[in-house]
Amino acid sequence: MITRIAMVAALGTTLGLASCSANDLSDSRRNELTYNANQAMDEFRESPSVRRFLSDAYGYAIFPRVAKGAIGIGGARGSGLVYEQGRLIGNSVLTQATIGFSLGGQSFQELIVFEDEAALTEFIAGDFAFQAGASAAAGTAGANSAINYENGLVVFVQTNGGLIYDASIGGQNFDFNPIAN
């Protein structure tokens, strides 16, 4: 019973991480997020597959720390930055919900690369969400060159730490906030 209570508490804490909305970034939080995003991009760029996509990409969204936890029902949340043709245009909050046979906690970083303006426009308009079938477009940063764009985007994920058993379905949603000029 104590273990189950601790796991429920851990799940609540995980979902509370990065709980600020895209509109709530203070200057210090934005600076921290920018620093972490730059570090994550350096790690992703070590992969020739990722560099191949970034060299021709219209834009990308980088989420340097996404916290995920699950006990049957799971969730993940993390803040990120969105770039258009190399220029920072806003920040975003990734929220993920899953249901199925899942147990544990994990931290990962995610890079979404947009092939063209249409894919980025769909993302920033708020019409963008991954469904259960989107996992076919996802790959690790070390994946081979057989990865291709699907529906105008490709997703790379790297695990930061933790352990999770996950046989679930779900999706990711994104809340975009443009940076004021």
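Calculation notes
Residues numbered from 1 in each chain as written. Predicted model: local features only at pLDDT ≥ 70, side-chain atom pairs only at ≥ 80, totals over all residues. Heavy atoms only, no water. pLDDT = per-residue confidence, 0-100. Contact = heavy atoms within 4.5 Å. Pairing = 2+ DSSP bridges. Helix = DSSP H or I, 4+ residues; strand = E, 2+ residues; numbered from the N terminus. Patch = residues over 30% accessible without salt bridge, like charges linked within 9 Å, V, L, I, M, F, W, Y side chains within 5 Å. Areas by Shrake-Rupley, 256 points an atom, 1.4 Å probe, with all protein chains shown as cover. Salt bridge = Lys/Arg side-chain N within 4 Å of Asp/Glu carboxyl O. Expected span 1.5 Å × (residues − 1). Buried < 20%, exposed > 50% of the residue type's maximum accessible area, 1.4 Å probe, protein only. Arc of directions from axis to C-beta.

Chemist: Help me understand the confidence of the model for the protein, please; the structure alone is not making it clear to me.
Modeler: Interpreting fine coordinate detail is not advised for predicted regions of low pLDDT. Taken over all residues, the pLDDT of the protein has a mean of 79, while the share at 70 or more is 72%. Contacts for the low-pLDDT stretch residues 1–22, under 50 throughout, to residues beyond four places or in other chains number 35 contacts.

Chemist: What am I meant to see in the pairing of strand β2 (residues 87–114) here?
Modeler: One face of the sheet, then the other: side chains in a regular strand alternate in exactly this way. As judged from the 23 bridges shared by strand β1 (residues 59–84) and β2, these two strands associate in the antiparallel manner. From the neighbouring strand, Glu84 faces β2, where its bridge partner is Arg87. Taking the residues that link successive antiparallel strands as the turn, the β1-β2 hairpin has two residues, and the phi of Gln85 there is positive, at about 45°.

Chemist: What's the story with a nonpolar patch on the surface in this structure? I'm lost.
Modeler: Together, Ile73, Ile99 and Ile169 give the surface a local cluster of nonpolar side chains, amounting to about 320 Å² of exposed area. In this fold, Ile99 is placed in strand β2.

Chemist: Looking at this structure, I do not really get helix α2 (residues 27–44). What am I missing?
Modeler: One turn of an α-helix holds 3.6 residues; hence residues three or four places apart share an orientation. A rise of 1.5 Å per residue sets the reference length of α2, with its 18 residues, at 26 Å; its end C-alpha atoms lie 25 Å apart and thus fit the reference within 8%. When we look at burial in α2, the residues that qualify are Leu33, Asn36, Ala37, Ala40, Met41 and Phe44. The buried residues of α2 occupy an angular sector of 140° when the element is viewed end-on, so they sit on one face. Turned more than 90 degrees from where α2 packs its buried face, Asp27, Ser28, Asn31 and Tyr35 sit exposed.

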